[in-house]
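# Per-entry structural report
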Amino acid sequence: MGGYAEYVTLPLWQLVPLPDGLAPHTAAAVPLDQLTALSLLDTHGRLRPGDTVLIQGASGGVGRAVGALGAARGLRMYGTASAPGAREALARNGVEFIDYRREDFEAVLNEREPGGVQAVFDHIGGPTLRKGYRVLAPGGVLVSYAASGRPGRVVADTLRAAARVTLMNLRPGRRTALAMVPREIRADHARYRAALTELLALAHAGTTAPQITTAPLAEAAAVHADLERRALTGKAVLTAGG
């Protein structure tokens, strides 16, 4: 969660017990990505078994969580990615790989899903929002949960993307939504606790266990370098106390 500390203080309502036998390192990698994925699929996507979705950045933490939860829900899924080994990793959850470096996802989906997809999950912003909106089926939804920003302009670019998503929702026939998970958590403590308890149980059962790489806190700089070089996939968990 980016704490970089051995101890933190939290409101009591944010804490839920871990299932017996679930490794703390695994549990630490669950909340951020998987609560976001659950919000995308259930709160905003409102999807049913057999529905088709597009996951942008499907090999990232949230993308992998959407793939795992989506597979358990019986969804048909496409995912854009380019990381080494992404095709094989996505295939484990039945996600059809689209290499965005070599393929135009809009053209691919227009060919394979001419009727459109029921949901697009986007954390990139910019032109991908417009293209994602165009591949939606009538009644489909484009859900934005983040936006890439330029150095020094992250806040402005994020606000611009949020405004664009909001304005797109004024068009008839399709929906757009902003997934703001921290706000959703604060608004309904009981729902948050129930959701996190369910997700931890699924991770313990191996249904949605995140892929993690652990390293000592003292090696944080090296881990960041690996992340920037895209040498790591899944979640990086820093451990304290050797």
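Everything numeric in this text was worked out from a predicted model, so none of it was measured.

### Digging into the overall build of the chain
Secondary structure assignment for the chain yields ten helices and eight strands. Expected size for 242 residues packed as a compact globule is a radius of gyration near 18 Å; at 18 Å, the chain falls within 12% of this value. Once the C-alpha set of the chain is aligned to its principal axes, its extents read approximately 55 × 40 × 35 Å. Here the chain holds 242 residues, and 41% of them are scored as buried. For the chain, the share of sequence-separated contacts (at least 6 apart) that also reach a separation of at least 24 residues comes to 63%. Carbon and sulfur atoms provide 56% of the accessible area of the chain, an area that totals close to 12,900 Å². Taken together, the 27 basic and 21 acidic charged side chains of the chain have centroids lying 7 Å from each other.

### What about the packing of aromatic side chains?
Where two aromatic rings form a pair, the distance of their centres and the angle of their planes describe that pair. By the definition in use, this model includes one aromatic pair. Ring centres 5.7 Å apart and planes at 85 degrees place the aromatic pair W13 and Y192 in the edge-to-face group. Here Y192 lies in helix α9 (residues 189-205) and W13 lies in the segment before α1 (24-28), a separation of 179 residues in the sequence. Residue W13 is classed as partly exposed on the basis of its relative accessible area of 23%.

### Concerning a nonpolar patch on the surface
On the surface, V8, L10, L12 and L15 cluster together into a nonpolar patch covering about 420 Å² of accessible area. With respect to the element layout, L12 can be found in the segment before α1.

### Some thoughts on the pairing of strand β5 (residues 136-144)
The buried fraction of β5 is high, at seven of nine residues. In this sheet, β5 lies alongside strand β4 (residues 117-122) in parallel orientation, the contact comprising five bridges. Of the residues in β5, the one forming a bridge with D122 is S144. As a crossover connection, the stretch from β4 through helix α6 (residues 127-134) into β5 is right-handed. The sheet contact formed by β5 and strand β6 (residues 175-178) spans four bridges and is parallel. Within the sheet, the bridge partner assigned to V141 lies in β6 and is R175.

Rules used in this analysis
- Residues numbered from 1 in each chain as written.
- Predicted model: local features only at pLDDT ≥ 70, side-chain atom pairs only at ≥ 80, totals over all residues.
- Heavy atoms only, no water.
- Helix = DSSP H or I, 4+ residues; strand = E, 2+ residues; numbered from the N terminus.
- Rg over C-alpha atoms; globule rule 2.2 N^0.38 Å.
- Buried < 20%, exposed > 50% of the residue type's maximum accessible area, 1.4 Å probe, protein only.
- Contact = heavy atoms within 4.5 Å.
- Areas by Shrake-Rupley, 256 points an atom, 1.4 Å probe, with all protein chains shown as cover.
- Lys, Arg positive; Asp, Glu negative; His and termini not counted.
- Charge placed at Lys NZ, Arg CZ, Asp CG, Glu CD.
- Phe/Tyr/Trp six-rings, centres within 6.5 Å; stacked < 30°, edge-to-face > 60°.
- Patch = residues over 30% accessible without salt bridge, like charges linked within 9 Å, V, L, I, M, F, W, Y side chains within 5 Å.
- Salt bridge = Lys/Arg side-chain N within 4 Å of Asp/Glu carboxyl O.
- Pairing = 2+ DSSP bridges.
- Right-handed = clockwise from strand over helix to strand, strands pointing away.

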